[in-house]
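Topology and contacts: notes
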Amino acid sequence: MSNDTDSRQSFAKRGITLRDVDWPVVVGIAAMHVGCLMALLPVFFSWSGLIVAGLLLWITGGLGITLCYHRLLTHHSFKTPRWFQCILTLFGCLAWQGGPIQWVGVHRIHHRHSDEPEDPHTPKHGFAWAHIFWCMHKQPQGQCATDAAKDLERDPFMRLLNRFFWVPQLLLVPLVYFAGEYFAGAGLSWLVWGVCARTVVLYHGTWFVNSATHTWGYRNFDTPDQST
């Protein structure tokens with residue numbers, strides 16, 4: 001009886017817990033959304049800025065998150081030369097979704113306990129929790145993500161990137177701005193679209209995998225989780 005009670009409590013809908021909030025993450029996410037809203041203003045639009053956003057979305061999301069963080073580092077679905085793995089991991093850092101060890105650890109915990117009480121971002125804790133609130137906390141569900149990524153923890157380069165994952169994105173900011181000024185006279189447009197709008201689109205594209213695809217859709221196979 002007590003186990004059933006504990007299980008129901010574990011699946012109680014969650015929200016922001018102030019004592020556990022990771023404030024630098026919250027500020028970073030908020031800043032990117034503010035910058036993304038600026039993309040709605042016609043003065044910041046340019047076709048070249050939109051193209052840059054699309055290109056960087058493919059590099060950071062397609063290569064960095066999907067190919068590297070997910071398929072290569074989390075699941076070891078394929079092998080690649082060391083130098084190329086390092087480049088792909090840098091692309092993943094440009095997505096500003098956390099360092100490789102943190103990201104991989106959380107995702108492995110999710111697969112290990114998919115839609116169970118220990119899942120860091122199951123919609124059973126609430127759709128908003130699964131979509132965004134979980135990543136605003138220092139250790140979702142009280143679990144240490146690095147414990148699930150010991151293989152990466154042993155790699156000095158991965159440890160370095162995990163600690164300073166935000167540096168590549170900050171270095172990209174002046175690069176995008178000055179490149180926009182030099183090639184198109186549209187530095188602010190490239191900055192707003194290539195950094196802010198691109199990052200926010202990728203944020204929600206990734207988060208919807210946690211929230212929407214475990215809430216709506218059809219299923220080809222009867223699996224124990226709620227993935228669709």
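From a predicted model like this one, the values you see are computed outputs, not experimental measurements. (Residues numbered from 1 in each chain as written. Predicted model: local features only at pLDDT ≥ 70, side-chain atom pairs only at ≥ 80, totals over all residues. Heavy atoms only, no water.)

Thoughts on the overall build of the chain
The line we're drawing: The secondary structure listing takes helices from DSSP runs of H or I that are at least 4 residues long and strands from runs of E that are at least 2 residues long, numbered from the N terminus. In this description the radius of gyration comes from C-alpha coordinates, and the expected globular size is given by 2.2 Å times residues to the power 0.38. Remark: exposure states derive from per-residue accessible area (1.4 Å probe, protein chains only) relative to the maximum for the residue type, with buried under 20%, exposed over 50%, and partly exposed in between. Here a residue-residue contact requires only that any non-hydrogen atoms of the pair lie within 4.5 Å. As used throughout, the charge tally considers Lys and Arg to be positive and Asp and Glu to be negative, leaving His and the chain termini uncounted. We put the charge of a Lys on NZ, of an Arg on CZ, of an Asp on CG and of a Glu on CD.
The number of helices and strands found in the chain is 10 helices and 0 strands. For the chain, the succession of helices and strands along the chain, N to C, is α-α-α-α-α-α-α-α-α-α. The C-alpha radius of gyration of the chain comes to 19 Å, within 12% of the 17 Å expected for a compact globule of 228 residues. For the chain, with 228 residues in total, the buried portion stands at 45%. The long-range share in the chain, meaning contacts at least 24 apart out of those at least 6 apart in sequence, stands at 73%. On the chain, the mean spot of the 17 positive side-chain charges and the mean spot of the 15 negative ones are 4 Å from each other.

Remarks on the side chain of Ser-211
Along the chain, Ser-211 turns up in the segment after α10 (187–210). Setting aside residues up to four positions removed in sequence, Ser-211 forms contacts with Pro-123, Phe-127, Ala-130 and His-131.

What to know about the pattern of salt bridges
Any two side chains of opposite charge can pair, on the condition that their charged atoms come close. As a reminder of what qualifies: Put simply, a salt bridge is a Lys or Arg side-chain nitrogen that is within 4 Å of an Asp or Glu carboxyl oxygen.
Within this structure, the stated rule accounts for 4 salt bridges. A salt bridge links Asp-151 to Arg-108; the shortest N-O distance between them is 2.8 Å. Highlighted residues: Asp-151 in helix α7 (residues 150–153) and Arg-108 in helix α5 (residues 100–112), separated in sequence by 43 residues. Here Asp-147 ties to Lys-150 by a salt bridge, and the two come within 3.5 Å at their closest N and O atoms.

Quick word on α5
Condition: Here a helix's expected span is defined as the number of its residues, less one, multiplied by 1.5 Å.
Here α5 spans 18 Å end to end across 13 residues, near enough to the 18 Å set by a 1.5 Å rise per residue. Within α5, 10 of the 13 residues are buried, which leaves it mostly tucked inside the rest of the structure. Restricting attention to buried positions, one finds in α5 the residues Pro-100, Ile-101, Trp-103, Val-104, Gly-105, Val-106, His-107, Arg-108, Ile-109 and His-110. If you follow the buried residues of α5, they end up packed against α3 (47–74), α4 (82–93), α7 and α8 (156–163).

Focus: the state of the cysteines
Basically, it comes down to this: The disulfide criterion is simple: two cysteine sulfur atoms within 2.5 Å.
All told, the structure shown has 0 disulfides when counted by the stated rule. With no disulfide of its own, Cys-68 lies 8.5 Å from the sulfur of Cys-93, the closest cysteine sulfur. The thiol sulfur of Cys-86 is not disulfide-bonded, and the nearest other cysteine sulfur, from Cys-68, lies at 9.2 Å.

Here's the deal with the layout of surface pockets
Note the cut-off: A pocket, in this scheme, is an open set of points on a 1 Å grid over the protein atoms alone with protein on both sides within 12 Å along at least 5 of 7 lines, while a cavity is a set where a 1.4 Å probe fits but cannot get out; residues line either one if an atom lies within 4 Å of a point. Grid points are joined across faces, edges and corners, and a volume is the space filled by probe spheres set on the points. Throughout this entry, Asp, Glu, Lys and Arg are counted as charged residues, while Ala, Val, Leu, Ile, Met, Phe, Trp, Tyr, Cys and Pro are counted as nonpolar. The remaining residues, Gly among them, count as polar.
Looking at the largest pocket, its volume works out to about 1,000 Å³. Taken together, 41 residues form the lining of the largest pocket, with Gln-97, Gly-98, Trp-103, Trp-134 and Cys-135 sitting closest to its centre. Those elements that place two or more of their residues in the lining of the largest pocket are α2 (23–38), α3, α5 and α10. Per element, the largest residue contribution to the lining of the largest pocket is 7 residues, and it comes from α10. The class makeup of the residues in the lining of the largest pocket is 17 nonpolar, 21 polar and 3 charged.

Section: the packing of aromatic side chains
How we decide: Only Phe, Tyr and Trp rings take part, Trp by its six-membered ring, and two of them pair if their centres are within 6.5 Å. Stacked means planes under 30 degrees apart, edge-to-face means over 60, and tilted covers everything else.
Inspection of every chain in the model, using the stated rule, returns 9 aromatic pairs. Note on Phe-45 and Trp-47: the rings are 5.1 Å apart at their centroids and 80° apart in plane angle, and the pair reads as edge-to-face. Take Phe-45: its relative accessible area is 34%, and that puts it in the partly exposed class. In this structure Trp-47 comes out as exposed when scored by relative accessible area, which is 62%. Each residue in the set Phe-45, Trp-47 and Trp-193 is aromatic and connected to the rest through ring pairs, giving one cluster.

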